[in-house]
Amino acid sequence: MKQTLTKKKKFGYAFGIFTESLVYNMFYTYYLTFLNEIVGIQPKYSSIIIFISIAWDAVTDPIIGNYTDRPGVDKRKVMRVSILPLAVVFVASWTSIGAGFSSQLAKILLYTFLSMCIWVFYTMYSIPYYAVVAELTEDYDERTDIRSLSSLLNAFCVGIGNILPALVPTVAVLLGKKYQSNSYAVIAAIISLLAVVLGFTCCKSLEGVYTPKQAKEGEVVQKVSLRSTFRDFSDILKLKPTKWFLLFVFFFLAMSSMIQSNLTYMVIDCIGMKYDEGIVFVILSLVISMAIVVPIVEKVAQHYDRRFATILFLSIVFVLEIVVKIVGLDAEVGGFRIMCIISPAVLGMGTGTFWTLFYSMGYDLVELNEFKTGERRESTITALPQLVQKFGSAFGILMAGQLLSAFGYDSSKDVAGNESLFTKVTDPKIIEGMENISTIIPAAILAVSIICVIIYPMTRARFEALMLQLEKKRKGEEYTTEGFEKLL
């Protein structure tokens, strides 16, 4: 059994989620709105900018994952190198310099480049951050434990990453009319500072418990190339559970990012609250529901297994999304708009479940791949679902932007940089479309994700049977595939 983290080290590692999640959540919740309202780009083009920047990871994700799997490569060093550049580029991407451009094309090119840079450095940090857990322990429940602690802290990241940008109107007042369009950049600077401090804290916590892989005696370490990268990816894609796991990831993230990128419009136009008041209820409900559901999901996963817990909780989320649509986002009880609490709580249940179990489910593929190929590819196996994760999130935002345009919403006619996002829409067709983007459409996408998990064959019993035979194979003893044939 490989050396595992002490409780103190687990907390140190878990704090690293702030560096990844703060950037992720501010980007996915507010960047579409920022490009639409502050920079003045049409929604259909704003969503394409985000999609292109994520598609760029189709190149960077596999290469970085393959590189950090090489013997002798220190995952901590790769993480450390990425932290400061990520912080600098993140702040730059939220400045309003492009708002003064008269050309839509010039705006599109500038912010596409900046967002592409974000994801290069984000990937350099996040892939080794998540992959290292598979090297620290092979215990089924301990992996869930480490990830659930990280997921619990992620609830606070979601809160900070969403609440701080919600203070943009207040920051705008403090900056004055001349500089108010850079309110998002100020918030991004605060988030980047937190990301830097806690990212380095995480790297420090891994000292003494993580040792970079070394080449085996007589092993020739190949240089990283596109050919070797895609060969490794091909091996992983041949694993029977992989395709269902990746489809589950894609459709869930498409669902959640569609809702998340529409939060601002949901609060103002669908629920019918003032932005400053409504967003506080929304974010608090989202964070609290995540914090509540994470330990419950962990207990269910440890009692049964991760697959069962995922199916159970996401099925509940699916039903609740349908109920929210039927009741309506503008529902009131005693004059209070109750959906500012209920709707984000439903999303929080889904995201809390996903982030608690998603990476742990991916780690199981490491041992399956080792059994079939004799190689451990922790980072590559982390990179592949991360790539799909980003595509799923980008697809959700792309669809949200395209649907906003299809329903008739066009912010480019407003004056860029004047906080026009706080102006309420009055067209019933647009409002109904915005409501569908937050309810029934994501519910349909979530249904596909749940079906993929149902088909996904990796269970606790099969994983334990796999580990029993893998240990025999490592020792050169006779082994069988009894008990996990469906994985092969």
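Below: a short report on this structure. (Residues numbered from 1 in each chain as written. Predicted model: local features only at pLDDT ≥ 70, side-chain atom pairs only at ≥ 80, totals over all residues. Heavy atoms only, no water.)

1. As for the nonpolar core
And step 1. Grouped together as the largest cluster of nonpolar side chains are 154 residues, with contacts concentrated most on Tyr13, Phe34, Leu35, Trp94, Phe245 and Phe248.
And step 2. Top contributing element to this core by residue count: helix α6 (residues 104-136), with 16 residues.
And step 3. If sequence neighbours within four positions are ignored, Phe245 has contacts with Phe358, Met361, Gly362, Leu365, Pro385 and Tyr456. (Core = buried A, V, L, I, M, F, W, Y, C linked by side-chain atoms within 4.5 Å. Buried < 20%, exposed > 50% of the residue type's maximum accessible area, 1.4 Å probe, protein only. Helix = DSSP H or I, 4+ residues; strand = E, 2+ residues; numbered from the N terminus. Contact = heavy atoms within 4.5 Å.)

2. Brief notes about empty space enclosed by the protein
Left-over empty space is what a probe sized like a water molecule reveals as it rolls over the atoms.
And step 1. In total, this model carries two cavities of 30 Å³ or more according to the counting rule given.
And step 2. Empty space within the largest cavity amounts to approximately 190 Å³.
And step 3. Lining the largest cavity are 20 residues, with Tyr24, Asn25, Asn154, Val158 and Trp355 sitting closest to its centre.
And step 4. Sorting the residues of the lining of the largest cavity by element identifies α2 (17-39), α7 (140-166), α11 (240-261), α13 (275-303) and α15 (339-373) as the ones contributing at least two each.
And step 5. Here the lining of the largest cavity gets five residues from one element, more than from any other, and that element is α2.
And step 6. Grouping the constituent residues of the lining of the largest cavity by class yields nine nonpolar, nine polar and two charged.
And step 7. Its volume calculated, the second largest cavity comes out at about 30 Å³.
And step 8. Elements with a contribution of two residues or more to the lining of the second largest cavity: α15 and α16 (378-406).
And step 9. Sort the elements by how many residues they give to the lining of the second largest cavity and α16 lands first, with four residues.
And step 10. Considering only residue class, the lining of the second largest cavity consists of four nonpolar, two polar and one charged. (1 Å grid on protein atoms, 1.4 Å probe; cavity = no way out; pocket = protein on both sides within 12 Å on 5 of 7 lines; lining within 4 Å. Points joined across faces, edges and corners; volume = space filled by probe spheres on them. Nonpolar A, V, L, I, M, F, W, Y, C, P; charged D, E, K, R; others polar.)

3. So, the side chain of Arg70
And step 1. With respect to the helices, strands and loops of the structure, Arg70 is situated in the loop between α4 (57-68) and α5 (75-93).
And step 2. One polar contact links Arg70 to Asn66, side chain to side chain, over a distance of 2.7 Å. (Polar contact = N/O pair within 3.5 Å; in protein donor to acceptor, adjacent residues only side chain to side chain.)

4. Examining helix α18 (residues 440-455)
And step 1. End to end, α18 covers 23 Å across 16 residues, agreeing with the expected 22 Å (1.5 Å per residue, within 8%).
And step 2. Along α18, the positions that sit buried rather than exposed are Pro442, Ala443, Ile445, Leu446, Ser449, Ile450, Cys452 and Val453.
And step 3. On its buried face, α18 is in contact with α11, α14 (306-327) and α17 (428-438). (Expected span 1.5 Å × (residues − 1).)

5. Notes on the packing of helix α1 (residues 7-14) against α7
And step 1. Two numbers describe how α1 lies on α7: the axes approach to 9 Å, and their chain directions differ by 50°. Considered as vectors, α1 and α7 are oriented oblique to each other. As for the relative orientation of α1 and α7, their crossing is right-handed in sense. Between α1 and α7, the contacting residues are Lys10, Phe11, Tyr13 and Ala14 on the first element and Glu142, Asp145, Ile146, Arg147, Leu149, Ser150 and Leu153 on the second. (Axes fitted to C-alpha atoms, helices over the stretch in contact; angles between N-to-C directions. Parallel < 35°, antiparallel > 145°, perpendicular 65-115°, else oblique. Left-handed = near helix turned anticlockwise from the far one by under 90°.)

6. Observations regarding the packing of aromatic side chains
And step 1. In total, this model carries 35 aromatic pairs according to the counting rule given.
And step 2. Relative to Trp94, the ring of Tyr31 has its centre 4.9 Å away and its plane inclined at 75°; by these criteria the two rings are edge-to-face. Here Trp94 lies in the loop between α5 and α6 and Tyr31 lies in helix α2, a separation of 63 residues in the sequence.
And step 3. Among the residues examined, Tyr31 registers a relative accessible area of 0% and is labelled buried.
And step 4. Trp94 gets classed as buried once you look at its relative accessible area, which sits at 0%.
And step 5. Ring plane angle 85° and centroid distance 5.2 Å describe the contact between Phe371 and Phe484, whose orientation is recorded as edge-to-face. Taken together, the residues span a long stretch of sequence, with Phe371 in helix α15 and Phe484 in the segment after α19 (460-474) at a distance of 113 residues. (Phe/Tyr/Trp six-rings, centres within 6.5 Å; stacked < 30°, edge-to-face > 60°.)

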